[in-house]
Amino acid sequence: DPRLAQAQGLLEGGKVVVRAVAGSGASTKVLALVHDDIDYTVTVGIDENGRLRYGKCQCTFFRMHLMTRGPCEHILATRLAFDAPDPANQVITSTDVGDDDDWDDESDDDDDDDDTDDDDDDDTDDIAE
């Protein structure tokens, strides 16, 4: 698959920076910056079985085809970066990686709980800003 080969090249070339990883029950959301000819912000969703369940990219291929022809090389590169994290990647672990309305509906079930009792959530205190 040529897109997979391009994705591996991006990863091996240090062009993928994982910005955030958030787990919400049975799924994981990964936010990355992929530098190809320009910088692309990429979001992927991975289920509990390690399958790619969601992808979003700013590139032309994704905008033209969405996921109907499979993921673009930037989504694949982000997935590969999550599978084999490189110490050079700046990974920020978080329980909330932003307001992405397209994200899996199951992960939005706990939104009301996230906005209350912030003082009890010690995990977010360790995140560097």
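Residues numbered from 1 in each chain as written. Predicted model: local features only at pLDDT ≥ 70, side-chain atom pairs only at ≥ 80, totals over all residues. Heavy atoms only, no water.

(A) Representation of the environment of E48 within the structure. Among the structural elements, E48 can be located in the loop between β3 (39–47) and β4 (52–56). Note on E48: relative accessible area 56%, which makes it exposed. For E48 and T28, which are 20 residues apart along the polypeptide, the C-alpha to C-alpha distance reads 7.7 Å. (Helix = DSSP H or I, 4+ residues; strand = E, 2+ residues; numbered from the N terminus. Buried < 20%, exposed > 50% of the residue type's maximum accessible area, 1.4 Å probe, protein only.)

(B) Structural view of the nonpolar core. V16, V30, V42, V44, C57, C59 and I75 are the most contacted members of the largest nonpolar core, which totals 20 residues. Excluding residues within four positions of it along the chain, C59 makes contact with Y40, C72 and H74. (Core = buried A, V, L, I, M, F, W, Y, C linked by side-chain atoms within 4.5 Å. Contact = heavy atoms within 4.5 Å.)

(C) Focus on helix α1 (residues 2–12). Listed in full, the buried residues belonging to α1 are R3, A7 and L10. Buried residues along α1 cover an arc of 60 degrees about the axis, so they all sit on one side. Away from the buried face of α1 by more than 90 degrees, exposed residues P2 and E12 are located. In the core, the buried residues of α1 are packed alongside β1 (16–24), β2 (27–35), α2 (60–65) and α3 (73–83). The residue sitting at the N-terminus of α1 and contributing the capping side-chain oxygen is D1; that oxygen lies 3.2 Å from the backbone nitrogen of R3. (Arc of directions from axis to C-beta. Polar contact = N/O pair within 3.5 Å; in protein donor to acceptor, adjacent residues only side chain to side chain.)

(D) Focus on the sheet that holds β1. The sheet built from four strands is open, its strands ordered β1-β2-β3-β4 with antiparallel pairing. Two strands lie at the open edges of the sheet, namely β1 and β4, each paired on one side alone. Neighbour-to-neighbour, the strand axes of this sheet turn through a mean angle of 15 degrees, independent of strand direction. One ladder, built from eight bridges, connects β1 with β2; its direction is antiparallel. Among the inter-strand pairings, A20 is bridged to a residue of β2, identified as L31. Contacts from α3 reach β1, β2, β3 and β4, with the element oriented near 60 degrees to β3. (Pairing = 2+ DSSP bridges. Axes fitted to C-alpha atoms, helices over the stretch in contact; angles between N-to-C directions.)

(E) Region of interest: the pairing of β3. Across the nine residues that make up β3, a large majority, seven, are buried. For β2 and β3, the ladder comprises nine bridges, and the chain directions are antiparallel. Looking across to β3, one finds that L31 is bridged to T43. Where β2 folds back onto β3 in an antiparallel hairpin, the turn is made up of three residues. As defined by bridge partners, β3 adjoins β4 across four bridges and the pair is classed as antiparallel.

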